[in-house]
Amino acid sequence: MPVELAVVIPTLNEVGNIVPLLQRLDRVLAGIAWEAVFVDDDSTDGTTELLRRLAQERANVRCLHRIGRSGLSSACIEGMLSTSAPHIAVMDADLQHDETLLPGMLAMLKGEGLKGEGLDVVVASRFAEGSSLGSFSSARERLSRVGIRLSRLVTGARLTDPLSGFFMLKRDVLEETARTLSGQGFKILLDLFASAPRPLRLGEVPLHFRQRHSGTSKLDTLVMLEFAILLADKLVGRVIPIRFVLFVLVGLFGVAVHLSLLALAYRGIGMGFLGAQFAATAVAMTVNFYLNNQFTYRDRRLKGRRFLWGLASFYVACAIGAVVNLQVAESLFTLGAPWPLAGLLGATVGAVWNFGVSSTFTWAKPRPRPVVRPDADVPRFEPVRPHGTGD
């Protein structure tokens, strides 16, 4: 029987939640042809191994094991694209989302009991009439409401909860939108509405938010930063790449670090100017590299030996960028440009150089390694593995 509904569930260290969640889905989705697509970001608590075993035992369970990639939105996108089901739900693995809403959400998408062709997206909202936030603290509730108001700047939709992580959509909506999704941060629904080429017909159902069953919340300062980056990307990303904006902001912070250390070394402890300048430059460049690695290129973050190699290449790129900066500024000044303009354009060219070289070499996108078979020159057909026989 063809799969009618795919439930995409991103996971990271959720080993205690997987079996209870599947038991609940078995109950509420009885009579519906469904599959669960778990997208695991290389969990360290045994989640990956459990999912792999369940995928061997059950035909309607699959696991996508991601290594070297992370992020809730990108995990949801990969999971949704991996299924051929005409209806796709996204929900968390922590049991805070009420799985009993799924049959009704599916009926709304299919247009049952509604006029016309039904809806494009159905959202389980924490703020719709009849919903409840469960154990949300007052501070977190206020933070969510602020996020909702900011989200409406980019969605253009009358969603009561654009930050919900529990929703269902038709496959054709995904196909229309997939190539323009940013995949940044933790708020895939916001990304979906902000990226859609047309207004989406939406419905909402009230969600009674539950307490987490097992594990720990992933909400932290980095999540809020990624939310802000997503908003900025949807507002100005088509004009100026947000990664470049972050790179420049980190660079400005590095200038502040440089000047502070130069003053401390030269005026504070009496070092010679050249030595103080060298020390301040080295520290500022190291700080810039660390911050860019943590935030600007967080999806390509370098670790271990790659971190050290990246730091060395960043030093070289910035050194060349400084020379380019000086050459451009001097040439413009010689040609009669006002010194502020010459200095600004030199700094701009240097920043663009540093960004381009860093993106291309220091934080280059990893290339997939080709699989070479002994009989690679011999064309052959391979049977398609059915769902549930591997990850």
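Residues numbered from 1 in each chain as written. Predicted model: local features only at pLDDT ≥ 70, side-chain atom pairs only at ≥ 80, totals over all residues. Heavy atoms only, no water.

Now for the overall build of the protein chain. Scanning the protein chain from terminus to terminus reveals twelve helices and seven strands. Looking at the 391 residues of the protein chain, the share that counts as buried comes to 43%. Counting only contacts in the protein chain whose residues sit at least 6 apart along the sequence, the fraction spanning at least 24 positions is 76%. Approximately 20900 Å² of the protein chain is accessible, and the part contributed by carbon and sulfur atoms is 62%. (Helix = DSSP H or I, 4+ residues; strand = E, 2+ residues; numbered from the N terminus. Buried < 20%, exposed > 50% of the residue type's maximum accessible area, 1.4 Å probe, protein only. Contact = heavy atoms within 4.5 Å. Areas by Shrake-Rupley, 256 points an atom, 1.4 Å probe, with all protein chains shown as cover.)

Contact geometry for helix α11 (residues 305–334) and helix α12 (residues 339–362): axes closest at 7 Å, N-to-C directions at 155°. Considering their axes alone, α11 and α12 lie roughly antiparallel with respect to each other. Viewed along their axes, α11 and α12 form a crossing whose handedness is right-handed. Among the residues making up the contact of α11 with α12, the classes are represented as 18 nonpolar, ten polar and no charged. (Axes fitted to C-alpha atoms, helices over the stretch in contact; angles between N-to-C directions. Parallel < 35°, antiparallel > 145°, perpendicular 65-115°, else oblique. Left-handed = near helix turned anticlockwise from the far one by under 90°. Nonpolar A, V, L, I, M, F, W, Y, C, P; charged D, E, K, R; others polar.)

A word on the sheet that holds strand β6 (residues 167–170). Taken in spatial order, the seven strands line up as β3-β2-β1-β4-β6-β5-β7 in an open sheet, and their pairing is mixed. Pairing within the sheet leaves two strands with one partner each, and these edge strands are β3 (61–65) and β7 (202–206). Within the sheet, the average angular offset between the axes of one strand and its neighbour, ignoring direction, is 20°. Here strand β2 (residues 34–40) runs beside β3; their pairing, made up of five bridges, is parallel. Within the sheet, the bridge partner assigned to F38 lies in β3 and is C63. Its contacts with the sheet place helix α1 (residues 18–28) against β1 (5–11), β2 and β3, and it is angled at close to 160° to β2. Helix α4 (residues 102–109) rests against β1, β4 (87–90), β5 (121–125), β6 and β7 of the sheet, and its axis sits at about 30° to β6. (Pairing = 2+ DSSP bridges.)

On to the nonpolar core, then. With 33 residues, the main nonpolar core has I9, L22, L25, F38 and L102 as its most contacted residues. Taken together, the elements giving at least two residues each to this core come down to β1, α1, β2, α2 (47–57), β3, α4 and β5. Beyond its immediate chain neighbours, meaning those up to four positions away, L25 contacts I9, W34, M91, E99 and L102. If you look at the next biggest cluster of nonpolar residues, it comprises 25 residues, including L64, A75, F167 and A196. (Core = buried A, V, L, I, M, F, W, Y, C linked by side-chain atoms within 4.5 Å.)

Here we take up the side chain of N293. Inspection of the secondary structure assignment puts N293 in helix α10 (residues 273–296). Excluding residues that lie within four positions of it along the chain, N293 makes contacts with R298, R301, L302, F307 and W363.

That's the geometry; what it means functionally is another story.
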